[in-house]
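These are the residues of each chain, in order.
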Amino acid sequence: MANTVVNPTRMELTRLKGKLKTAQRGHKLLKDKRDELMKQFLDTVRELRELRSQVEEELMRVHSSFTVASALMSAQAMEQALMYPKQSVELTMSFQNIMSVNVPVYHYQTRTDDTGDIFPYGFAATSGELDGAVEALGKVFQDMLKLAQTEKAAQLMAEEIEKTRRRVNALEYVVIPNTQDSIRYITMKLDENDRATTTRLMKVKDMLLAEALEEKRAETARAVKTFGNSSEAPSEV
Amino acid sequence: MAANSYQIAVLGDKDSVMGFKALGLTVFPVDSVEQARSTLHHIAREDYAVVYLTEQFAAQMEADIARYKDELTPAIILIPGKEGSLGMGMANIKKSVERAVGADIL
């Protein structure tokens, strides 16, 4: 599996060692990022679940009061009552950076600050149920906005966590082991080359020594032959 | 950072979304899924930061919603319509947990 098509050279080895170091460092950092994101994410999700069940419950209540209101009024009258809103909402969005994930933070600005002054109709022609419904909706709305913010944050963080997790795993299970394998391969190949060189040198030295010895012997033999008859010559070497 | 002004859209069947008009939100009453789908894409191109969508329609346009999931705007938030909650909002939370963690741990 390992990437064995590397050049077994010292330069490649140095390069791979550097790569391994970077990969390990990156792995550690990304893992930390993943853990911290996960922590934040779980907090967000817990908050989100609470918020959502609360908002859904309240909205259902609002819907039922609207249903009651529409039963007491004609559809046209109701539509007419709600047609021209008195209130208007403007939303500004800023960003909060959670572990390099940009999550939106919403701020809203209503045209009238008084929450009791949101009814866009005269009270004479409408039923009281409608007032209650609109007022309740106005209250839910703040939670709904918070819900939107939290939910979007959770979605964006989920995406980022998924990305980070994949990166961590790719580094941990692919890049780092492959690099280590390549490094081991190169080290072994270089050691093998070293041993081969040593043996070759020893062999060469042996041959040279044998040659030198041979030469020496021949010289001695010649000397013995030449001076063999003289009395000072050693009888043997 | 940039603090442009955005609007809030509410998309759903007429009876469910009418009340939001009184709050000053922009309301898009739609009758069919087809209409909801094209309205959603239209809204997404405009300056809307948050889109509230009733679950009754959302159930049939998952692919369209998924397209905006990783975008910063709009945030598509499911709300129960007047027929009641389908539990989709909660299911979506669960889904994003599964996506992030790889398992449902809550």
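Quick caveat, the model's predicted, so the values are computed rather than measured.

Some thoughts on the overall build of chain B
Here is step 1 of the chain: Assigned secondary structure in chain B consists of five helices and four strands.
Here is step 2 of the chain: The order of α-helices and β-strands along chain B, N terminus first, is β-α-β-α-β-α-α-β-α.
Here is step 3 of the chain: Since a compact globule built from 106 residues should have a radius of gyration of about 13 Å, the 14 Å found for chain B is in line with a globular shape.
Here is step 4 of the chain: Its C-alpha atoms give chain B principal-axis dimensions of about 40 × 40 × 25 Å.
Here is step 5 of the chain: Out of the 106 residues in chain B, the part that is buried amounts to 46%.

With respect to the packing of helix α3 (residues 128–227) of chain A against helix α5 (residues 88–101) of chain B
Here is step 1 of the chain: Between α3(A) and α5(B), the shortest axis-to-axis distance is 8 Å and the interhelical angle comes to 20°. When the axes of α3(A) and α5(B) are compared, the pair comes out roughly parallel. Helix-helix and strand crossings are classified by hand; for α3(A) and α5(B) the assignment is left-handed. Each of Ala154(A), Gln155(A), Met157(A), Ala158(A), Ile161(A) and Glu162(A) in α3(A) lies in contact with α5(B), whose residues at this interface are Ile93(B), Ser96(B), Arg99(B) and Ala100(B).
Here is step 2 of the chain: Partitioned by chemical class, the residues of the contact of α3(A) with α5(B) number six nonpolar, two polar and two charged.

Here we look at unusual backbone geometry
Where the residue is not glycine, phi is negative for most of them; where a peptide bond is considered, it is trans in most cases.
Residues and elements named next belong to chain A.
Here is step 1 of the chain: You will see that Met99, though not glycine, has its phi angle at about 50°, which is positive.
Here is step 2 of the chain: Tracing the sequence through the fold places Met99 in the loop between β1 (89–98) and β2 (101–110).
Here is step 3 of the chain: The partly exposed category is assigned to Met99, around which 18 C-beta atoms lie within 10 Å.
Here is step 4 of the chain: At Ser100, a position not held by glycine, the phi torsion is positive, near 65°.
Here is step 5 of the chain: Owing to 9 C-beta atoms within 10 Å, Ser100 belongs among the exposed residues under this scheme.

As for the pairing of strand β2 (residues 26–29) of chain B
Residue and element names in this part refer to chain B.
Here is step 1 of the chain: Of the strand pairs in this sheet, strand β1 (residues 5–12) and β2 are connected by four bridges, and their pairing is parallel. Along β2, the bridge assignment pairs Val10 with Val27.
Here is step 2 of the chain: A crossover links β1 with its parallel partner β2, the connecting element being helix α1 (residues 14–21), and its sense is right-handed.

Regarding the confidence of the model for chain B
Here is step 1 of the chain: Taken residue by residue, chain B gives an average pLDDT of 83. The fraction at 70 or more is 95%.
Here is step 2 of the chain: Per the prediction output, this complex has pTM 0.78; the corresponding ipTM is 0.85.

As for the environment of Ser85(B)
Here is step 1 of the chain: Assignment of secondary structure puts Ser85(B) in the loop between β4 (75–79) and α5.
Here is step 2 of the chain: Sequence-wise, Ser85(B) and Gln56(B) are 29 residues apart; in three dimensions their C-alpha atoms are separated by 8.4 Å.
Here is step 3 of the chain: Those residues in contact with Ser85(B) that sit more than four places away from it in its chain are Glu56(A), Met60(A), Glu55(B) and Pro80(B).

Details of the environment of Pro8(A)
Residues and elements named next belong to chain A.
Here is step 1 of the chain: Among the structural elements, Pro8 can be located in the segment before α1 (10–72).
Here is step 2 of the chain: Residue classification places Pro8 among the partly exposed positions, given that 16 C-beta atoms sit within 10 Å.
Here is step 3 of the chain: Setting aside anything within four residues of it in sequence, one finds Pro8 in contact with Ile186, Lys189 and Leu190.

Focus on the interface of chain B and chain A
Here is step 1 of the chain: Across the boundary between the two partners, chain B contributes 36 residues, which contact 47 residues of chain A.
Here is step 2 of the chain: Within the residue set of the side of chain B that touches chain A, elements represented by two or more residues are β1, α1, β3 (48–54), β4 and α5 of chain B.
Here is step 3 of the chain: A total of seven residues in the side of chain B that touches chain A trace back to one element, the largest contributor, which is α5(B).
Here is step 4 of the chain: Split into classes, the residues belonging to the side of chain B that touches chain A amount to 22 nonpolar, nine polar and five charged.
Here is step 5 of the chain: Alignment of β1(A) against β1(B), held across two bridges, turns out to be antiparallel. Bridging from a neighbouring strand, Thr92(A) pairs with Ser5(B) of β1(B).

What counts and what doesn't
- Residues numbered from 1 in each chain as written.
- Chains lettered and ligands numbered in written order.
- Predicted model: local features only at pLDDT ≥ 70, side-chain atom pairs only at ≥ 80, totals over all residues.
- Helix = DSSP H or I, 4+ residues; strand = E, 2+ residues; numbered from the N terminus.
- Rg over C-alpha atoms; globule rule 2.2 N^0.38 Å.
- Buried ≥ 20, exposed ≤ 12 C-beta atoms within 10 Å, placed from the backbone.
- Axes fitted to C-alpha atoms, helices over the stretch in contact; angles between N-to-C directions.
- Parallel < 35°, antiparallel > 145°, perpendicular 65-115°, else oblique.
- Left-handed = near helix turned anticlockwise from the far one by under 90°.
- Contact = placed C-beta atoms within 7 Å.
- Nonpolar A, V, L, I, M, F, W, Y, C, P; charged D, E, K, R; others polar.
- Pairing = 2+ DSSP bridges.
- Right-handed = clockwise from strand over helix to strand, strands pointing away.
- pLDDT = per-residue confidence, 0-100.

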